[in-house]
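Summary of the model geometry
Chain residues, written in single-letter form:
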Amino acid sequence: MATTSTADRRAGARSAYLMSLAACPTHRVLDRMGDRWVSLILKELASGPCRYGELARAVAGATQKMLTQTLRGLERDGLVARSVTDAVPPRVEYRLTPLGESLLPVMAVVTEWAERHIGDVDAARVAYDSVTRR
């Protein structure tokens, strides 16, 4: 009879946990929403369709590569739609889909909570740092 080591059992438990995270709808959505540029892009598109250049100016900290990758991910998830108009040069525009629009109230609640409690979070960090500094 084969026995498993503690390290093997831990590795198996870790693997099972990671697989459960991959299947968890909440984790998957929060993983997307936790991306650095997602909330800024969604906030910008909440006021209406935008061209790529407009988004690049509004989300000034994002590199062209990161903005493009983030928009592609949002498009893949069905939150953003990309349309190309035949023109010279081609006109590319992004807009929220109905699914993306349904996320706006959730973002508004999180924004409200953050604005209401950021002082508490900052105070807790200062208190924690003052106790744990060596």
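Above this text is the structure in question.
The structure reproduced in this document is the subject of the present report.

Moving on: the sheet that holds strand β1 (residues 50-51). Across the sheet, 3 strands lie side by side as β1-β3-β2; this open sheet has antiparallel pairing. The open sheet terminates on both sides in strands that have one partner only, identified here as β1 and β2 (80-85). Direction of pairing for β2 relative to strand β3 (residues 91-96): antiparallel, over a ladder of 6 bridges. Of the residues in β3, the one forming a bridge with Ser83 is Glu93.

Mapped onto the fold, Gly61 is located in the loop between α4 (52-58) and α5 (64-76). Of the residues examined, Gly61 reaches a relative accessible area of 56% and is grouped as exposed. For the pair Gly61 and Asp86, spaced 25 residues apart in the sequence, the C-alpha separation amounts to 30 Å.

A word on the side chain of Thr97. Inspection of the secondary structure puts Thr97 in the loop between β3 and α6 (98-132). According to the relative accessible area criterion, Thr97 is buried, its value standing at 13%. At 2.5 Å, the side chain of Thr97 and the backbone oxygen of Gly78 are in polar contact.

What follows deals with α5. Taking 1.5 Å of rise per residue, 13 residues should cover 18 Å, and α5 covers 18 Å from first to last C-alpha, within 8% of that figure. If you check which residues of α5 are buried, you get Leu67, Thr70, Leu71, Gly73 and Leu74. One side of α5 carries all its buried residues, which in axial view fall inside an arc of 160°. In α5, the exposed positions that point more than 90 degrees away from the buried face belong to Gln64, Lys65, Arg72 and Arg76. Packing partners of the buried residues in α5 comprise α2 (25-33), α3 (38-45), α4, β2 and β3. Just downstream of α5 lies Gly78, where phi reads positive at about 80°.

Each value, and the rule that gives it
- Residues numbered from 1 in each chain as written.
- Predicted model: local features only at pLDDT ≥ 70, side-chain atom pairs only at ≥ 80, totals over all residues.
- Heavy atoms only, no water.
- Pairing = 2+ DSSP bridges.
- Helix = DSSP H or I, 4+ residues; strand = E, 2+ residues; numbered from the N terminus.
- Buried < 20%, exposed > 50% of the residue type's maximum accessible area, 1.4 Å probe, protein only.
- Polar contact = N/O pair within 3.5 Å; in protein donor to acceptor, adjacent residues only side chain to side chain.
- Expected span 1.5 Å × (residues − 1).
- Arc of directions from axis to C-beta.
- Contact = heavy atoms within 4.5 Å.

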